[in-house]
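Spelled out from the first residue to the last, the chains are:
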Amino acid sequence: MTASRNIDPDLLRTFVTVVECGGFSRAAERLLRGQSAISLQIKRLEDQLGVRLLERSPRHLSLTSEGELIIDYARRILSLNDELAARVKEPELSGLVRLGAPEDFATSHLPNVLARFARSHPHVALEVTCELTLELLARFHAGGLDIALVKREPDAGTGGIRVWREPLVWVAANRQIADMEGPLPLAVSPQPCVYRKRMTDGLDSIGRPWRIAYTCGSLAGTHAAVRAGLGVTVLPKEMIPSDLTILNDESLDLPNLEDTETALIEATQLSPAALRLRDYIVRELEHAG
C-alpha cells in the first residue's frame, strides 16, 4: 500500500492567499511574511504535489490547469481546518463587527455566508449596512465600518481583495421598451455608479441615444421603475427578479457589457472577530464565484 502524503495547511493557505491577492507582494503583506518566504512556500507546495500551480511573469499571475483544480480543494481543506480550530482550540470569538455591502449583493450572495459564519461564531454580533458604494466608501473612510464590500471597475488597482465577478445584462419589463423609437429610457442609481457608467458608456460606444428616465438610490425602487415600464437597467445576471426580462436579442441594438467586480476593503486595525469574518467572506465568495 502506498503511503499517503500529508499536505501542510500552511502551504495551502499561502497558495490561496497569493491567488486572492493577485500576487506575491500583496500576499506577503497580508500574511506578514517576506516575499521570498512566500515564493519558497509556493515552491514547496508545488514540489509536494508534483505539479506547477502558477504561471508567473513580471506583471501577471495566473493559475495553471492543475492550479485551477487544486485551489478548490485547498479552500475546502482550509475551511474545515478553520472551523475545527474555531470549535476546539481557539477562545470563543465575540464582539461587534460592522460590515457594509451594496444592497443587491447583501440580499443575494451574503445571507447564506453570514448565516454560516453566525452559526460558527454565535457570540459575534454583525451590524450590516446596505448602501450605494459611494455611501459605503464615505462611511468606511469616516471609520464607521470595519469591512466593506464595494463595486468597482475590474482591475481598477484601487486596493482591496476581489471577491466576486459576474456578468452584467440588460433587463426590462419587456423587450418592447428597448425597441421603441427615440432615446433609450434608463433607470439608474445616482452618480457615481459603476452600472450607470457601463450603461451610458456602452450606448455611447455604439452611437445609440439614451436619456435618464428614473434615478433612485434604492434597489427596490429601481426594480419597481423597471417593472412599471419606465426604463431599462443593468443588473448582475444572478440578481435578476423572475418577473423581469433579460434583453439578449441582438436585434435590440444593445451593447455587450463587461463583468461587474466586487472587492473587499478593510480598516487598518481589525478585531479578531473582524479578521475572522474577513477571511471567511473572502474564502466563501471566492469559492462560490
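Residues numbered from 1 in each chain as written. Predicted model: local features only at pLDDT ≥ 70, side-chain atom pairs only at ≥ 80, totals over all residues. Heavy atoms only, no water.

J.: Teacher, can you tell me more about the overall build of the protein chain here?
T.: Secondary structure summary: the protein chain contains 11 helices and 12 strands in total. Each of the three principal axes of the protein chain carries a C-alpha extent, and together these read 70 × 40 × 35 Å. Within the protein chain, buried positions represent 45% of all 289 residues. The long-range share in the protein chain, meaning contacts at least 24 apart out of those at least 6 apart in sequence, stands at 76%. A total of about 15,100 Å² of accessible surface is found on the protein chain, and carbon and sulfur atoms cover 50% of it. Seen as two clouds, the 33 positive and the 39 negative side-chain charges of the protein chain have centres 4 Å apart. (Helix = DSSP H or I, 4+ residues; strand = E, 2+ residues; numbered from the N terminus. Buried < 20%, exposed > 50% of the residue type's maximum accessible area, 1.4 Å probe, protein only. Contact = heavy atoms within 4.5 Å. Areas by Shrake-Rupley, 256 points an atom, 1.4 Å probe, with all protein chains shown as cover. Lys, Arg positive; Asp, Glu negative; His and termini not counted. Charge placed at Lys NZ, Arg CZ, Asp CG, Glu CD.)

J.: Before we go on, may I ask you to explain the layout of surface pockets in this structure?
T.: Empty space among the atoms can be located by rolling a probe the size of a water molecule over them. In this structure, the second largest pocket spans a volume of roughly 690 Å³. Every residue lining the second largest pocket is counted, 29 residues in all, and those nearest its centre are Thr 17, Arg 30, Leu 31, Arg 278 and Asp 279. Elements that contribute at least two residues to the lining of the second largest pocket include exactly helix H1 (9–21), helix H2 (24–31), helix H4 (65–88), strand E12 (260–266) and helix H11 (272–288). Each residue belonging to the lining of the second largest pocket can be placed in one class, and the counts come to 11 nonpolar, four polar and 14 charged. (1 Å grid on protein atoms, 1.4 Å probe; cavity = no way out; pocket = protein on both sides within 12 Å on 5 of 7 lines; lining within 4 Å. Points joined across faces, edges and corners; volume = space filled by probe spheres on them. Nonpolar A, V, L, I, M, F, W, Y, C, P; charged D, E, K, R; others polar.)

J.: Looking at this structure, I do not really get unusual backbone geometry. What am I missing?
T.: Residues apart from glycine generally show negative phi values, whereas peptide bonds are mostly found in trans. Look at Asp 253: it is not a glycine, yet its phi comes out positive at around 60 degrees. Along the chain, the position of Asp 253 falls in the loop between strand E11 (245–246) and E12. Classification of Asp 253 as partly exposed rests on a relative accessible area of 42%.

J.: Hey, could you run me through the packing of H1 against helix H3 (residues 35–49) in this one?
T.: Helix-helix packing: each pair is described by the crossing angle between the helix axes and the interaxial distance. The N-to-C vectors of H1 and H3 enclose an angle of 115 degrees; their axes lie 9 Å apart at closest approach. Of the two elements, H1 crosses H3, and the hand of that crossing is left-handed. Contact residues: Asp 10, Leu 11, Leu 12, Thr 14, Phe 15 and Val 18 in H1; Ile 38, Gln 41, Ile 42, Arg 44, Leu 45 and Gln 48 in H3. Considering only residue class, the contact of H1 with H3 consists of seven nonpolar, three polar and two charged. (Axes fitted to C-alpha atoms, helices over the stretch in contact; angles between N-to-C directions. Left-handed = near helix turned anticlockwise from the far one by under 90°.)

J.: For this particular structure, what's the right way to read the pattern of salt bridges?
T.: For side chains of opposite charge, pairing can occur when their charged atoms come near one another. With the rule as written, the count across this model stands at 15 salt bridges. In this structure, Arg 278 engages Glu 266 in a salt bridge whose closest nitrogen and oxygen atoms are separated by 2.8 Å. Of this pair, Arg 278 sits in helix H11 while Glu 266 sits in strand E12; the two residues are 12 residues apart in sequence, bridging distant segments of the chain. Here Glu 266 falls in the partly exposed class, since its relative accessible area comes to 29%. (Salt bridge = Lys/Arg side-chain N within 4 Å of Asp/Glu carboxyl O.)

J.: Looking at this structure, I do not really get the confidence of the model for the protein chain. What am I missing?
T.: As a note on interpretation, predicted positions should not be read in detail where pLDDT is low. Per-residue confidence for the protein chain averages 84 on the pLDDT scale, and 92% of its residues sit at or above 70. Model confidence for the protein chain, summarised as mean pLDDT per element, is weakest for helix H5 (residues 103–108) at 79 and strongest for strand E3 (residues 95–101) at 93. (pLDDT = per-residue confidence, 0-100.)

J.: Explanation requested: the sheet that holds strand E7 (residues 168–172) in the structure shown.
T.: The strands making up a sheet associate through backbone hydrogen bonding, with each pair oriented either parallel or antiparallel. Spatial ordering of the open sheet is given by E10-E7-E11, a layout of three strands whose pairing is antiparallel. The outermost strands of the open sheet, each flanked by one partner alone, are strand E10 (233–236) and E11. In terms of strand pairing, E7 meets E10 through four bridges, oriented antiparallel. Bridge pairing links Trp 170 to Val 234 in E10. (Pairing = 2+ DSSP bridges.)

J.: Got a minute to help me understand the state of the cysteines in this structure?
T.: When the sulfur atoms of two cysteines share a covalent bond, that bond is a disulfide. Tallying each qualifying case throughout the model produces zero disulfides. Of all cysteine sulfurs, the one in Cys 216 lies closest to Cys 130, which takes part in no disulfide; the gap is 15 Å. (Disulfide = S-S within 2.5 Å.)

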